[in-house]
Amino acid sequence: MSQYLPLHITNETSRLKAVILGTALSNGPTPTVEEAYDPKSLEHILAGTYPVEKDMVVEMEAFNQVFQKYDVKVYRPEIIENYNQIFARDIGFVVEDVFIKANILPDRERELDAIQYVMDQMDPAKVVRPPEEVHIEGGDVMPWNDHIFIGTYKGSDYKNYITARTNMEGVAYMKALFPNKIVKEFDLVKSKIEPRDNALHLDCCFQPIGTNKGIIYKSGFREEADYMYLVELFGKENLFHITREEMYHMNSNVFSIAPDVVVSEKNFTRLNAWLRSHGFTVEEIPYAEIAKQEGLLRCSTLPLIRE
């Protein structure tokens, strides 16, 4: 028996066994306008409604409690003083038995150091870092059985968008790493100024749930063909279509603990009712403060092992 963590992620919904959950402790002061990474944070900084640490700690603890309830092994990052470490999904992700470190915005590199103690438990041959020209973040990467869905931005102005997080080099890298998978990229709508028109990552406008269903925001895709690909794969009747305002509140960014168990934000009333009507157990928690930073439940997690 290997002493290494048996990394295993083949899809978004199989029963979760081990996960890294971010932390809101020592989150640091409210960023300045210049420091905002995304239009939604900017909106709240300007409005004076940016979330405070104590509220976000409570929300993340509620999430942690759900994991405890389902007997999931939870790792937390080591605390970096006065630093935002909520969004564990951005810094790395697992596909099959490989841990891929994300090439994130340079000033977030310390977040990887804070989970080094977890990576030390992995087989070093299974921990990879893409070359520098490859941009790829966990929020854009969704293993789905024989597929890997990847959000990207194909606009010629890619480099002008801090909200464009995964490039076509990232897609090519994943195709080379997983030649036996169908790697399908999706061209996402980006905005630096209007959070209601910015799909920061693929999980902001699409996420599979259960075994054959999904949550989708049609206008998050720059090409209708990309949207139609998912409609044909899942079947229109199996997709819950969210509105522009629901996308803004991150209704597609829920998190599956099992094919029939979804953790969702308690204010997502329309979505949660639909989930329950389709036989899902919905674990509702408060997460509206964290949502102000354009990230939600999926963004806060880095799954390591699913059944």
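A quick note: this is a predicted structure, and the numbers were derived from the prediction, not measured.

Participant: What should I look at first to understand the nonpolar core in this one?
Facilitator: Generally speaking, nonpolar side chains in soluble globular proteins are found buried as a group. Among the nonpolar cores identified, the biggest contains 60 residues, and Phe63, Phe67, Phe149, Leu202, Phe206 and Phe221 are the most heavily contacted of them. Ranked by residue count, the leading element in this core is helix α2 (residues 53-69), at six residues. Ignoring anything within four residues of it in the chain, the contact list for phenylalanine 67 reads Leu16, Val19, Leu21, Val72, Val74, Phe255, Ile257 and Thr301. If you look at the next biggest cluster of nonpolar residues, it comprises 20 residues, including Leu7, Ala18, Val94 and Met119.

Participant: When you look at helix α5 (residues 168-177) in this model, what are you seeing that I'm missing?
Facilitator: In an α-helix, one turn spans 3.6 residues; hence positions three or four apart end up facing the same way. Every buried residue of α5 is listed here: Gly170, Val171, Tyr173 and Met174. The buried residues of α5 occupy an angular sector of 160° when the element is viewed end-on, so they sit on one face. Tucked into the core, α5 has its buried residues touching β3 (92-95), β4 (98-101), β5 (127-128), β6 (141-144), β7 (147-152) and β8 (182-187).

Participant: What is the right way to read the side chain of glutamate 185 from this model?
Facilitator: Take glutamate 185: it is sitting in strand β8. With relative accessibility at 13%, the residue glutamate 185 sits in the buried group. A polar contact of 3.2 Å, which involves the side chain of glutamate 185, links it to the side chain of lysine 154. Contacts of glutamate 185, omitting those with residues within four sequence positions, involve Ile150, Thr152, Lys154, Met168, Val171, Lys175 and Asp226.

Criteria and cut-off values
- Residues numbered from 1 in each chain as written.
- Predicted model: local features only at pLDDT ≥ 70, side-chain atom pairs only at ≥ 80, totals over all residues.
- Heavy atoms only, no water.
- Core = buried A, V, L, I, M, F, W, Y, C linked by side-chain atoms within 4.5 Å.
- Buried < 20%, exposed > 50% of the residue type's maximum accessible area, 1.4 Å probe, protein only.
- Helix = DSSP H or I, 4+ residues; strand = E, 2+ residues; numbered from the N terminus.
- Contact = heavy atoms within 4.5 Å.
- Arc of directions from axis to C-beta.
- Polar contact = N/O pair within 3.5 Å; in protein donor to acceptor, adjacent residues only side chain to side chain.

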